[in-house]
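Structural overview
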Amino acid sequence: MKLLIKDISIVPMTAENHIIANGYLEIKDSYIQAVAGGEPPVGQYDHIVDGTDLVALPGFINSHTLAAMTLLRGYADDMPLM
């Protein structure tokens with residue numbers, strides 16, 4: 001399946017305060033193939049989504065608490081739960 005999201009604002013997290021206005025995302029089989037500004041390439045798409053008034057941004061991961069949890073993994077495996 002090939003999906004195009006056009007006219008979307010994109011926050012690529014590459015530079016301070018950098019936003020791609022009226023950009024596009026091209027997605028094929030659940031993988032992002034292209035992220036760019038301007039007009040999308042002409043092609044055969046299964047779905048085209050109008051992204052006007054929408055924003056695409058990367059997911060946020062709470063890694064500061066997960067890092068400590070890996071250090072204590074298995075620490076009390078030999079003890080009863082209660």
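Refer to the preceding data block for the structure.
Structure report, in brief. Starting afresh in each chain, residues are numbered from 1 along the sequence in its written order. With pLDDT at 70 or above as the cut-off, local features in this predicted model cover only qualifying residues; side-chain atom pairs require 80 or more to be listed or tallied, and sums for whole chains, interfaces and linings still use all residues. Side-chain numbers here rest on the full set of heavy atoms in the structure, without hydrogens or water.

**With respect to the environment of Thr-14**
- Relative to the helices and strands, Thr-14 is located in the loop between strand 1 (2-10) and strand 2 (20-28).
- Distance in space between the C-alpha atoms of Thr-14 and Val-55 is 16 Å, their sequence separation being 41 residues. Counting from the N terminus, the helices are DSSP H or I runs at least four residues long and the strands are E runs at least two residues long.

**Points about a negative patch on the surface**
- The grouping of Asp-7, Glu-39, Asp-50 and Asp-53 at the surface amounts to a negative patch.
- You can see Glu-39 is positioned in the loop between strand 3 (31-37) and strand 4 (47-50). In this scheme, patches are assembled from residues that exceed 30% relative accessible area and form no salt bridge. Like charges are connected within 9 Å, while nonpolar side chains (Val, Leu, Ile, Met, Phe, Trp, Tyr) are connected within 5 Å. Computed with the Shrake-Rupley method and a 1.4 Å probe, the accessible areas treat only the protein chains shown as cover for residues. Every case where a carboxyl oxygen of Asp or Glu lies within 4 Å of a side-chain nitrogen of Lys or Arg is listed as a salt bridge. Residues scored as positive are Lys and Arg, those scored as negative are Asp and Glu, and His as well as the terminal groups of each chain are ignored. Here the site of a charge means atom NZ of a Lys, CZ of an Arg, CG of an Asp or CD of a Glu.

**A short note on unusual backbone geometry**
- The phi torsion at Asn-22 lies on the positive side, around 55°, for a residue other than glycine.
- Inspection of the secondary structure assignment puts Asn-22 in strand 2.
- Despite not being glycine, Asp-53 has its phi angle at roughly 65°, a positive value.
- Tracing the chain through its elements places Asp-53 in the loop between strand 4 and strand 5 (55-56).
- Residue Asp-53 is classed as exposed on the basis of its relative accessible area of 78%. We call a residue buried when its accessible area falls under 20% of the maximum for its residue type, exposed when it is over 50%, and partly exposed in between, using a 1.4 Å probe and counting protein chains only.

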